[in-house]
Amino acid sequence: MPPSLAAPSRAQRLSGLAVLLALVLVAAGVLWQQASYDPASWGWGGAAPGGGAGPLASLAVPGLEPREAGASFDPATLSDKIDGKAELYLAAGFERLYTRRYALKGQPAIWLELMLYRMKDQRAAFSVFSNQRRPGPTPPGLGPNAYATSNALYLANGPWYLEAVASAPDPALLKGLDAAARAIVAALPGDKAKAATPGEAELFPPQGLKPGSQVLLAKDAFGMAGLNQIFIAAYPAGAPERIAWLARRASPEAAQKEAEAYAKFLAVNGGAQAPAPKAIPGARLVELLGVWELVWPQGAYLAGVRGAESQEATLELALRLHQRLGGAKP
Amino acid sequence: MRITWARRISQAFFLALFLWFCVVATVGERLWQLRGWPVNWFLELDPLTGLTTLLAGGSLYAGLLWGAATLALTLVLGRFFCGWLCPFGAMHHFIGWLGSHGKDLKERARRNAPHPAQQIKYFLLAFFLGAVASDLAARLTTGQGAAFLAGAAVIALVLAATRRGAGRGFYFAAVAVVLALWVAWSLAAPRGGASLLAGLLDPIPLASRSVNLALLPLADSPLRIAWPEPRFYQGAALIGAVFLSFLLLNLWRPRFFCRYVCPTGALLGLLARFSLFKVGKRQARCGGCLDCEALCEGACRPAGKLRPHECVLCLNCLSDCPEGAITYQAGPSAAGEAAPDLSRRRVLAGLGVGLAAPPLLGLGGLLGPDWDPRLIRPPGSLAEGEFLRRCLRCGQCMRICPTGVLQPAGLSFGLEALWTPVLNMTIGTSGCQPRCVACSHICPSAAIRPISLAEKLGQGEYAAEGPIRLGTAFVDRGRCLPWAMDRPCIVCQENCPVSPKAIFTRIAFQTVLDGLAAGPATGGELALSGRALRPGALATGDYYLAADGARARIRANTGATVSLEPGPGWQAPASGSPVVVQVRLQRPYVDPARCIGCGICQHECPVSGQRAIRVSAENATREPSHSLLLKGAGPV
Amino acid sequence: MSGQGKDLDRRQFMQRAGKAGLGVAAIGALAWWGHDSKGPDASLGASPSVKLPSYAVAGREKRLAIVKSSHRVPALRAGLEALGGLGAFVSAGHRVVIKVNAAFASPPALGATSNPELVAELVRLCLKAGAKEVVVTDNPINDPASCFELSGIGPAARQAGASVVLPHPGAFASYSLPGGRLIANWPLLWGPLKGADRVIGLAPVKDHHRSQASVCMKNWYGLLGGRRNVFHQDINGIISELGRMITPSLVIADGVVSLARNGPTGGSLEDLKPTGTMILGTDQVAVDSAAVGLLGLKPEQVAWLGLAQKAGVGATDFQSLNPTTVELG
């Protein structure tokens with residue numbers, strides 16, 4: 001700049017300062033604006049209103065506050081949430097999982113998570129419920145398929161399966177678990193009859209039956225590919241534990257064919273066929289690695305007893321099951 | 001402090017702010033992500049974006065109101081926007097300053113002398129306003145709003161104001177005749193659409209597009225701040241070339257773009273003539289040293305009769321005049337002022353060409369019979385005609401898109417769609433994410449209207465309408481692996497994010513090896529004769545041995561035997577009986593009632609060049625006339 | 001010829017000749033440097049993919065220590081001592097990656113994830129051994145931030161001085177296991193592994209619905225990205241390939257309390273079983289073989305252990321490694 005320039009006038013200096021002040025105000029405005037924002041207005045991430053957590057989205061639990069908006073998972077994304085456990089649900093017939101966490105008011109570190117599975121039908125829900133059953137008392141009023149453990153509560157109701165898991169066995173949290181489960185059961189559509197166990201599970205002979213041991217194996221039961229939808233029940237009297245099992249098929253022919261296929265499967269895996277008892281028509285008796293397997297078709301039913309070390313114990317339970325099935329209307 | 005230093009600080013501040021807004025336009029809540037940063041502020045401050053979308057689209061959307069503030073302040077201060085605020089102007093200013101380095105006073109004064117080419121920007125402004133005027137006419141004639149009459153009056157006045165004295169009456173008459181003509185003509189002519197062309201040269205959309213789609217992807221590729229992965233933009237070279245050309249032309253003439261091209265500058269210049277404060281001389285005569293002319297950014301002749309419509313308020317003249325002869329004052333310059341020397345015929349020609357442009361573009365049929373099914377617009381986009389009346393081509397939606405599926409349309413989509421957003425399912429990291437509506441919220445002109453997640457997904461109160469569909473996926477059976485090549489593949493079905501899935505499969509067993517005969521069976525193994533097998537090739541679980549209408553899955557194979565997993569009804573074939581190997585295929589089908597056109601299937605398709613499943617714009621929600629389905633029709 | 005009217009003198013000539021010579025030499029060097037007589041081969045332009053080195057420490061192969069204890073931190077210290085001290089594995093300036101199991105956003109008490117106190121102690125010991133940087137990482141697909149926070153691993157690791165690296169799209173690179181059947185052109189969580197000198201696996205002993213057991217080899221599953229759940233169809237195959245993919249410096253199976261059923265998620269405290277054992281070693285097949293015993297399984301009952309042994313990853317007969325057994329009570 002040429003040295004001959006006059007010093008800037010007072011007006012020029014003041015105007016310059018005024019401009020700088022304006023810039024400071026603009027910067028402050030921009031900073032204020034960026035800090036005061038509502039992420040929901042941009043609409044990414046978080047759950048859609050009434051969408052993400054499905055039936056849990058509007059669930060209020062007394063004493064607890066939601067920790068998040070919740071999420072949901074479909075068959076393709078289920079393993080993102082529960083990894084290898086997903087296969088159990090997918091095999092049984094999984095449709096959707098809704099999850100949401102709640103925490104004690106003002107204590108976000110003490111929380112519980114609700115995982116509500118929508119299964120294909122009541123059988124599918126019973127299958128995943130029974131396969132994971134842990135020892136624990138059944139709380140009253142939640143139907144027969146419910147139990148509580150020291151930090152969690154599980155129940156199956158109609159096509160729904162609920163897992164409510166507390167991060168710690170905190171008494172206030174456990175009260176919340178119970179309240180949440182009751183609120184969910186009350187809100188689920190459908191009548192109370194749906195809470196009952198599928199019919200086949202009631203067909204096992206009651207004497208000697210281990211309570212709550214009925215399990216529905218959805219797929220590939222006993223390691224045999226294609227042996228699906230098998231109910232099992234445990235009879236612990238006498239060691240080792242005996243397992244009675246049964247399934248209902250579309251037709252007597254189908255049951256017959258599958259009984260043969262299972263006997264063949266046992267044979268392929270090293271089983272030795274033994275003369276079958278006459279009392280049960282069409283039965284096949286196989287000895288495999290020191291334990292006995294009996295399988296027979298009975299009308300549309302396919303039934304069996306496995307796990308006993310003696311023929312007598314196998315036959316004793318099989319006869320009782322045969323008798324029960326004889327009186328059952330397929 | 002010299003006022004010119006205040007100006008430099010202001011320019012640097014706003015340029016930095018503009019670049020910062022480009023950087024932070026990323027989905028996320030960290031400090032350098034979107035949060036609440038007003039990333040559209042510069043686009044909104046630009047009065048031409050507001051004015052043209054108002055005329056073309058019929059409303060001044062949300063923040064575009066800021067443009068009115070710019071116009072108002074221009075009437076008080078003059079073109080402060082150009083000299084103090086405009087980030088594109090700051091870039092030109094800086095490069096022009098570099099180009100003037102080392103040149104002597106005389107040469108610099110020559111380069112900064114007024115030039116007839118400075119008229120061009122007014123003609124361009126006339127062209128862009130003419131183009132949107134046909135929409136205005138349509139609105140007026142359909143009685144949609146008296147507000148637009150006011151808009152037309154503003155244009156007429158602004159144009160008339162460029163003339164003084166006797167010429168003015170004639171000008172009013174000419175404008176009135178033209179207005180009447182185009183009202184009548186627009187009614188008869190087909191609706192052109194694509195009338196909002198101003199965004200091509202409007203400085204803020206131009207700079208925004210160039211930085212977002214060309215500069216930032218280059219700068220960010222090693223840094224990965226703006227995007228987690230390097231970003232690609234189709235045709236970014238052309239966008240970058242236009243940008244760089246305008247920057248480099250400053251070396252030839254300082255502020256080349258501002259002086260000759262900028263339509264926003266022209267609009268502000270027309271107002272600046274009437275501004276309260278102007279730069280002027282204290283006395284008519286001065287020493288004539290030409291210091292001021294050598295430093296003049298606007299080429300507005302501060303030493304003589306000043307042209308206030310060209311003055312960008314750089315205030316170099318005021319600051320550096322050795323006599324202190326130049327001032328910024330409310331009164332007129334003591335040396336007198338020059339009015340814009342605009343050729344009436346040229347302005348009318350610009351306006352006329354502008355008026356003719358949309359109908360001419362409309363003849364191409366893009367909005368009619370020859371609509372382009374590749375034009376898959378972002379979710380929430382208005383119907384194509386309305387979309388083109390609002391899209392500024394600023395690139396904000398493509399910048400914020402988390403997957404980069406939003407791309408600038410190239411010339412192959414037609415002139416009218418140039419640089420508007422279109423989904424390209426192969427270039428980004430995925431298709432359109434079902435749980436994202438970021439583009440609809442960042443769009444400064446509501447060409448993509450703001451939608452909620454519930455609306456996009458068709459949940460809650462939108463359950464009846466269903467999700468927003470961008471188009472429909474079509475399976476190309478000539479390229480699809482299970483359809484054309486007997487190879488199992490269900491990638492598209494697996495990746496479909498819609499629940500229940502919009503892609504379903506039907507199982508087909510296709511014979512791939514025949515001329516085989518069964519041999520003896522030992523254990524689970526069956527010997528085969530007739531032709532040799534490739535050991536292990538059938539062990540993927542997709543191959544079956546078929547005989548007598550029943551099948552058994554092949555578990556493993558050697559050159560001459562297969563190990564089988566029997567299926568229902570399977571009987572080991574008699575030795576010597578013919579058997580075939582079949583592959584179990586799950587062939588994909590698309591349910592058009594469920595498909596939302598997100599393009600995730602297309603992105604994931606393993607046929608990596610031209611995909612075997614591709615989305616096109618049929619059945620998009622925004623164009624009911626392109627629907628594939630009659631409502632309520634169909635088997636379910 | 002001589003337009004100057006004056007002949008070059010010898011000195012000028014030498015100068016000009018020297019300059020010309022330099023120019024010729026420069027052109028020649030450039031041409032030689034850029035020359036390629038064969039032309040490009042087919043690999044030119046192929047997509048880049050990463051290669052994983054072996055992270056094993058030379059001279060420390062086939063070490064195994066089994067610690068009986070009901071407390072994790074003392075068990076870890078004793079176990080490392082039995083292997084010759086962590087200093088035998090981690091030296092000054094090393095960049096150590098600890099691959100934890102943070103697959104679920106589940107509280108530490110439920111045992112579905114690596115124990116945070118154990119992670120913190122291992123981090124501290126690595127830093128004490130001179131490590132320049134300790135990185136704790138995993139790829140839980142759903143909501144990684146919550147998984148690291150709620151499992152307690154994130155806060156504990158950071159407090160101990162580690163940097164916790166969450167997966168992000170830029171952290172993945174395409175990887176193919178040499179000779180692999182399943183892991184081919186698959187996204188690998190490469191970001192944290194890049195430049196690592198040592199890789200330590202730290203996994204809880206868990207029942208697994210699909211693979212019977214999940215210990216150290218299954219833990220590498222968290223280094224895969226993409227739609228990795230397709231691998232559940234061949235769970236035994238993928239676990240044995242994971243064992244081939246990573247040759248770790250050291251693996252630690254935490255069976256002080258095991259998730260004995262309803263794995264890999266668990267959920268109820270009733271799913272846990274105090275098994276009082278921590279197994280540390282450099283042969284991951286041996287470590288996992290010893291660990292599945294805590295779940296009541298024999299190594300030959302677990303298909304993936306057999307596959308891994310067959311692939312040469314290690315030995316299922318862990319007793320053959322003469323493990324050092326420490327009883328802490």
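**Focus on the interface of chain A and chain B**
Next up, step 1: In this complex, chain A contributes 38 residues to the contact, which on the side of chain B involves 42 residues.
Next up, step 2: With both sides pooled, the region where chain A packs onto chain B buries about 3,300 Å², and carbon together with sulfur makes up 65% of that total.
Next up, step 3: Applying the counting criterion to the chain A and chain B interface returns zero salt bridges.
Next up, step 4: Scanning the region where chain A abuts chain B turns up three residue pairs in polar contact (both at pLDDT 80 or more).
Next up, step 5: Listing elements by their share of the side of chain A that touches chain B, those giving two or more residues are α1 (10-35) and α2 (39-42) of chain A.
Next up, step 6: Sorting elements by how many residues they give to the side of chain A that touches chain B places α1(A) first, with 14 residues.

**Some remarks on the domain arrangement of chain A**
Residue and element names in this part refer to chain A.
Next up, step 1: Under the domain assignment used here, chain A contains domain 1 (54-195) and domain 2 (199-327).
Next up, step 2: Computed from C-alpha atoms alone, the centre-to-centre distance between domain 1 and domain 2 is 32 Å.
Next up, step 3: Between domain 1 and domain 2, the residue contacts involve eight residues of the former and eleven residues of the latter.
Next up, step 4: Considering only the side of domain 1, the residues that lose the most area to domain 2 are Ala 91, Arg 123 and Phe 126, jointly responsible for 55% of the buried surface there.
Next up, step 5: Seen at the junction of domain 1 and domain 2, the total is one salt bridge.
Next up, step 6: Counting across the domain 1 and domain 2 interface gives five residue pairs in polar contact (both at pLDDT 80 or more).
Next up, step 7: Elements that contribute at least two residues to the side of domain 1 that touches domain 2 include exactly α4 (86-92) and α5 (122-131).
Next up, step 8: For the side of domain 1 that touches domain 2, the element with the highest residue contribution is α5, accounting for five residues.
Next up, step 9: Considering only residue class, the side of domain 1 that touches domain 2 consists of three nonpolar, three polar and two charged.

**Some remarks on the pattern of salt bridges**
Residues and elements named next belong to chain A.
Next up, step 1: A complete count under the given rule lists 35 salt bridges over all chains for this structure.
Next up, step 2: Between Asp 178 and Arg 182 there is a salt bridge, with its nearest N and O atoms 2.7 Å apart. One end of the pair is Asp 178 and the other is Arg 182, both in helix α6 (residues 171-187) and four residues apart, which spans about a single turn.
Next up, step 3: Of the residues examined, Arg 182 reaches a relative accessible area of 31% and is grouped as partly exposed.

**Concerning the sheet that holds strand β10 (residues 561-566) of chain B**
Residues and elements named next belong to chain B.
Next up, step 1: Spatial strand order, β6-β7-β10-β9-β8-β11: six strands in a closed barrel with antiparallel pairing. For this sheet, the mean inter-axis angle between neighbouring strands, taken without regard to orientation, is 50°.
Next up, step 2: Note that strand β6 (residues 503-522) and strand β7 (residues 525-529) share four bridges and pair antiparallel. Note that in β7 the partner of Ala 518 across the bridge is Leu 528.

**Describing the interface of chain C and chain B**
Next up, step 1: Contacts between the two partners involve four residues from chain C and, on the opposite side, four residues from chain B.
Next up, step 2: Carbon and sulfur atoms supply 52% of the area that chain C and chain B bury against each other, a total of about 330 Å² over both sides.
Next up, step 3: Between chain C and chain B we count zero salt bridges in total.
Next up, step 4: Summed over the shared surface of chain C and chain B, the result is zero residue pairs in polar contact (both at pLDDT 80 or more).

**Considering the sheet that holds strand β10 (residues 242-248) of chain A**
Where strands meet in a sheet, backbone hydrogen bonds hold them as pairs that are either parallel or antiparallel.
Residues and elements named next belong to chain A.
Next up, step 1: Reading across from one edge, β8-β9-β10-β14-β13-β12-β11 is the order of the seven strands in this open sheet, with antiparallel pairing throughout. The open sheet is flanked by β8 (215-217) and β11 (272-274), the only strands paired with a single partner. Recorded for the sheet is a direction-independent mean angle of 25° between the axes of neighbouring strands.
Next up, step 2: Looking at chain direction, β10 and strand β14 (residues 301-308) are connected through six bridges and run antiparallel. Across the sheet, residue Ala 244 finds its bridge partner in β14, namely Val 305.
Next up, step 3: Here helix α7 (residues 252-268) sits on the sheet and contacts β10, β12 (284-288), β13 (291-298) and β14; the angle it forms with β13, its principal contact strand, is near 160°.

**A word on the pairing of strand β1 (residues 64-68) of chain C**
All names here are of chain C.
Next up, step 1: The element β1 is largely enclosed, with a buried count of four among its five residues.
Next up, step 2: As defined by bridge partners, β1 adjoins strand β10 (residues 272-281) across five bridges and the pair is classed as antiparallel. Among the inter-strand pairings, Val 67 is bridged to a residue of β10, identified as Met 278.
Next up, step 3: The pairing of β1 with strand β11 (residues 324-327) spans four bridges and is parallel. Looking at β11, one finds that Ile 66 is bridged to Thr 325.

**Details of the packing of helix α8 (residues 284-292) of chain C against helix α9 (residues 303-310) of chain C**
Residues and elements named next belong to chain C.
Next up, step 1: Running from N to C, α8 and α9 point in directions that differ by 160°, and their axes come no closer than 10 Å. Judged by the angle between their axes, α8 and α9 are roughly antiparallel. In this structure, α8 meets α9 at a crossing whose hand is left-handed. Here Val 285, Asp 288, Ser 289 and Val 292 of α8 come into contact with α9, specifically with Trp 304, Leu 305 and Ala 308.

**Digging into unusual backbone geometry**
Next up, step 1: The linkage connecting Gly263(C) with the following residue, Pro264(C), adopts the cis geometry, with an omega of 5°.
Next up, step 2: Considering the arrangement of structural elements, one finds Pro264(C) in the loop between β9 (250-259) and β10.
Next up, step 3: With a phi angle near 50°, Arg255(B) is a residue other than glycine that sits in the positive phi range.
Next up, step 4: One non-glycine residue, Ala446(B), adopts positive backbone phi at about 60°.
Next up, step 5: Relative to the helices and strands, Ala446(B) is located in the loop between α20 (438-442) and α21 (453-457).
Next up, step 6: Judged by its relative accessible area of 7%, Ala446(B) is buried.

**Digging into the packing of aromatic side chains**
Next up, step 1: Here the structure, examined in full by the defined rule, presents 33 aromatic pairs over all chains.
Next up, step 2: With a centroid separation of 5.4 Å and 75° between ring planes, the pair formed by Trp483(B) and Tyr589(B) is classed as edge-to-face. Pair noted here: Trp483(B) is in helix α22 (residues 481-484) and Tyr589(B) is in strand β11 (residues 578-590), with a separation of 106 residues, a long-range link.
Next up, step 3: The buried category is assigned to Tyr589(B), whose relative accessible area is 19%.
Next up, step 4: Measuring from ring centre to ring centre gives 5.1 Å for Phe509(B) and Tyr544(B), while their planes differ by 85°; the resulting arrangement is edge-to-face. With Phe509(B) in strand β6 and Tyr544(B) in strand β8 (residues 543-547), this pair connects stretches of sequence that are 35 residues apart.
Next up, step 5: According to the relative accessible area criterion, Phe509(B) is partly exposed, its value standing at 27%.
Next up, step 6: The cationic tip of Arg118(A) hangs over the ring face of Trp160(A); the distance from NZ or CZ to the ring centre is 5.2 Å.

**Notes on the side chain of Gln298(A)**
Residues and elements named next belong to chain A.
Next up, step 1: Inspection of the secondary structure assignment puts Gln 298 in strand β13.
Next up, step 2: Residue classification places Gln 298 among the buried positions, given a relative accessible area of 14%.
Next up, step 3: Polar contacts involving the side chain of Gln 298 include one to the side chain of Trp 296, which spans 2.9 Å.
Next up, step 4: Ignoring sequence-local partners within four residues, the contact set of Gln 298 consists of His 322, Leu 325 and Gly 326.

**Quick notes on the environment of Gly141(A)**
Residue and element names in this part refer to chain A.
Next up, step 1: Note on placement: Gly 141 falls in the loop between α5 and β5 (146-148).
Next up, step 2: Looking at Gly 141, the relative accessible area reads 67%, which means it is exposed.
Next up, step 3: Residues Gly 141 and Asn 157, 16 residues apart in the sequence, show an inter-C-alpha distance of 12 Å.

**Observations concerning helix α17 (residues 344-362) of chain B**
For the α-helix, the turn length of 3.6 residues means that residues three or four positions removed from each other point alike.
Residue and element names in this part refer to chain B.
Next up, step 1: Helix length check: α17 (19 residues) gives 28 Å between terminal C-alpha atoms against 27 Å at 1.5 Å per residue, within 8%.
Next up, step 2: Largest kink in α17: about 30°, centred on Ala 356, with the proline Pro 358 one to four residues after it.
Next up, step 3: For α17, the complete set of buried residues consists of Val 347, Gly 350, Leu 351, Gly 354, Leu 355, Ala 357, Pro 358, Pro 359 and Leu 361.

Thresholds applied
Residues numbered from 1 in each chain as written. Chains lettered and ligands numbered in written order. Predicted model: local features only at pLDDT ≥ 70, side-chain atom pairs only at ≥ 80, totals over all residues. Heavy atoms only, no water. Contact = heavy atoms within 4.5 Å. Buried area = accessible area lost by both parts, 1.4 Å probe. Salt bridge = Lys/Arg side-chain N within 4 Å of Asp/Glu carboxyl O. Polar contact = N/O pair within 3.5 Å; in protein donor to acceptor, adjacent residues only side chain to side chain. Helix = DSSP H or I, 4+ residues; strand = E, 2+ residues; numbered from the N terminus. Domains from an automatic or database assignment. Nonpolar A, V, L, I, M, F, W, Y, C, P; charged D, E, K, R; others polar. Buried < 20%, exposed > 50% of the residue type's maximum accessible area, 1.4 Å probe, protein only. Pairing = 2+ DSSP bridges. Axes fitted to C-alpha atoms, helices over the stretch in contact; angles between N-to-C directions. Parallel < 35°, antiparallel > 145°, perpendicular 65-115°, else oblique. Left-handed = near helix turned anticlockwise from the far one by under 90°. Phe/Tyr/Trp six-rings, centres within 6.5 Å; stacked < 30°, edge-to-face > 60°. Lys NZ or Arg CZ within 6 Å of the ring centre and 35° of its normal. Expected span 1.5 Å × (residues − 1). Bend = angle between axes of the 7 residues up to and from the residue.

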